[in-house]
Amino acid sequence: MGYNQKMYGLGSKRSIIREIFEYSKTRAAQIGAENVYDFSLGNPSVPAPAEVNQTIKELLETGNSVLLHGYTSAQGDAGVRSVIAEKINRDFNVGISLNHIYMTCGAAASLSICLKALIEDGEDDECIVFAPFFTEYRVFIENAGGKIIISQPMEKTFQINIADFEGKINAHTKAVIVNSPNNPSGVVYSEETVKKLCEVLTRKSKEFGHAIYLIADEPYRELVYSGVEVPYLMNYYDNTLVCYSYSKSLSLPGERIGYIAVCPKMQDCQNIYLAVCGAGRSLGYVCAPSLFQQVISRCADAKVNIDVYKENRDILYDNLTSFGYECVKPDGAFYLFVKALEEDAYKFYEKAKTHEILVVPCDDFGVKGYVRIAYCTDKSRVEGALPAFRELAKEYQ
Ligand code: PLP
């Protein structure tokens, strides 16, 4: 038909989240934005740290503008990659160097590059993801020529179900994506879970005679509450690639900046790094935004204030459970994963809409019968929505 039908399908079919977002704008124009309780999009609501904005200003005022806006090396500026390697070593002591870091325009690019680097043409390679999972994984895996395999979680806790996971591994398993803190459940995988996962991976890699790679998708690493630790997967499994992003950790989603870190202890580490460089090249993901490479290298230890997220989490969790909703208390990210009050999450979403509440039905995330509430919004909106959530619950009593 003259163009790629698969790509046409991706472009013409809006994701449910985007669909809701568009509806939200239309509805806000009709009844006023303050009357629409939109919890659909994972767009950070806290500002980037002041030092980030200050650094941008200083760079523009005092930096060499040709260099600042110019191309860097394809894999990113060497000085920037050194700073990132030092930061990772300071935090996690993994002995990484600039030669293991590849700068990207965010976690989406990092994931696409890693998958392209690992999945082999015509080999029927499979990639396991843990439900509930970020829906774009399917797009990235299939685009790299792989097959997505979904492992179902433990009931109620949404931790990884190790037995289910083990049963999904076979000779074609090439990679496994772990996202913790998780979108959409907010769950942080415990150290116990991580250890078991890595034990299975080590044993199965041996059994099948090839490496099974662990891809750690970590845009929410810094968004954790109540001192919960997020295990750094390189310290548990050598064949790990970390996909990091500053979209949420520094509230910079529109600036498109992140990196891939290849574990220095990985078998064939330098060749895998070169495959990452090749995948970046083949996908056109070279020279990540130059100005923002400089910004993040000068703000390596900056943090956003996540107090609002924690407050919103507590208000929503405490109130919704008291109204009769069921959900696991999230330790991180800015999502609450709530059991729909009827079997069909989409119908529940439609009913919530009649109360001006916009949540995301999660069937596409691999778990049926749940909706996601993105609470990266003002506290007043969260508090304002509570009576509507109560009325919605009453409809089901
Ligand atoms: N991975 C997960 C789990 C996400 O939730 C997101 C964005 O919401 C991404 C990756 C993509 O992040 P980025 O904006 O850095 O491309």
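Residues numbered from 1 in each chain as written. Predicted model: local features only at pLDDT ≥ 70, side-chain atom pairs only at ≥ 80, totals over all residues. Heavy atoms only, no water.

### Some details on the pattern of salt bridges
Here comes step 1: Tallying each qualifying case throughout the model produces 21 salt bridges.
Here comes step 2: The shortest N-O distance in the salt bridge between Lys 168 and Asp 164 comes to 3.1 Å. Pair noted here: Lys 168 and Asp 164 are both in helix α8 (residues 162–168), with a separation of four residues, about one helical turn.
Here comes step 3: Classification of Lys 168 as partly exposed rests on a relative accessible area of 25%.
Here comes step 4: In this structure, Glu 218 and Arg 221 form a salt bridge, with 2.6 Å as the shortest nitrogen-oxygen distance. The pair formed by Glu 218 and Arg 221 is uniform in burial state, with each residue classed as buried.
Here comes step 5: In this structure, a network of salt bridges that share partners links the residues Lys 87, Arg 90, Asp 91 and Asp 301. (Salt bridge = Lys/Arg side-chain N within 4 Å of Asp/Glu carboxyl O. Helix = DSSP H or I, 4+ residues; strand = E, 2+ residues; numbered from the N terminus. Buried < 20%, exposed > 50% of the residue type's maximum accessible area, 1.4 Å probe, protein only.)

### Some remarks on the nonpolar core
Here comes step 1: Counting 100 residues, the largest nonpolar core has Phe 165, Ile 215 and Leu 241 as the members making the most contacts within it.
Here comes step 2: Residue contacts for Leu 241: discarding those within four places in its chain leaves Cys 114, Leu 118, Tyr 213, Leu 214, Ile 215, Ala 216, Ile 260, Ala 261, Val 262, Met 266, Ile 272 and Val 276.
Here comes step 3: Core analysis: the next-biggest nonpolar cluster, separate from the first, contains 39 residues, Leu 320, Ala 345, Val 371 and Cys 376 among them. (Core = buried A, V, L, I, M, F, W, Y, C linked by side-chain atoms within 4.5 Å. Contact = heavy atoms within 4.5 Å.)

### Here we look at the state of the cysteines
The bond known as a disulfide is covalent and runs between the sulfur atoms of two cysteines.
Here comes step 1: Applying the stated criterion across every chain, the model contains zero disulfides.
Here comes step 2: Residue Cys 105 stays outside any disulfide, its sulfur separated by 11 Å from that of Cys 287, the closest cysteine.
Here comes step 3: In this structure Cys 327 is not part of a disulfide, and its nearest cysteine sulfur, from Cys 362, lies 12 Å away. (Disulfide = S-S within 2.5 Å.)

### Digging into the sheet that holds strand β6 (residues 213–217)
Here comes step 1: In space, the seven strands of this open sheet follow the order β2-β8-β7-β6-β5-β3-β4, with mixed pairing throughout. Edge positions in the open sheet fall to β2 (101–104) and β4 (147–151), since each of these has one partner strand only. Neighbour to neighbour, the strand axes of the sheet diverge by 20° on average, direction disregarded.
Here comes step 2: Note: β2 against strand β8 (residues 258–262), four bridges, orientation antiparallel. Residue pairing for β8: Tyr 102 is matched across the bridge by Ile 260.
Here comes step 3: Packed on one face of the sheet, helix α5 (residues 78–92) meets β2 and β8 and runs near 115° to β2. (Pairing = 2+ DSSP bridges. Axes fitted to C-alpha atoms, helices over the stretch in contact; angles between N-to-C directions.)

### A closer look at a nonpolar patch on the surface
Here comes step 1: A cluster of nonpolar side chains, namely Met 1, Tyr 3 and Tyr 8, defines an oily patch on the protein surface of about 430 Å² accessible area.
Here comes step 2: For Met 1, the location among the structural elements is in the segment before α1 (5–12). (Patch = residues over 30% accessible without salt bridge, like charges linked within 9 Å, V, L, I, M, F, W, Y side chains within 5 Å. Areas by Shrake-Rupley, 256 points an atom, 1.4 Å probe, with all protein chains shown as cover.)

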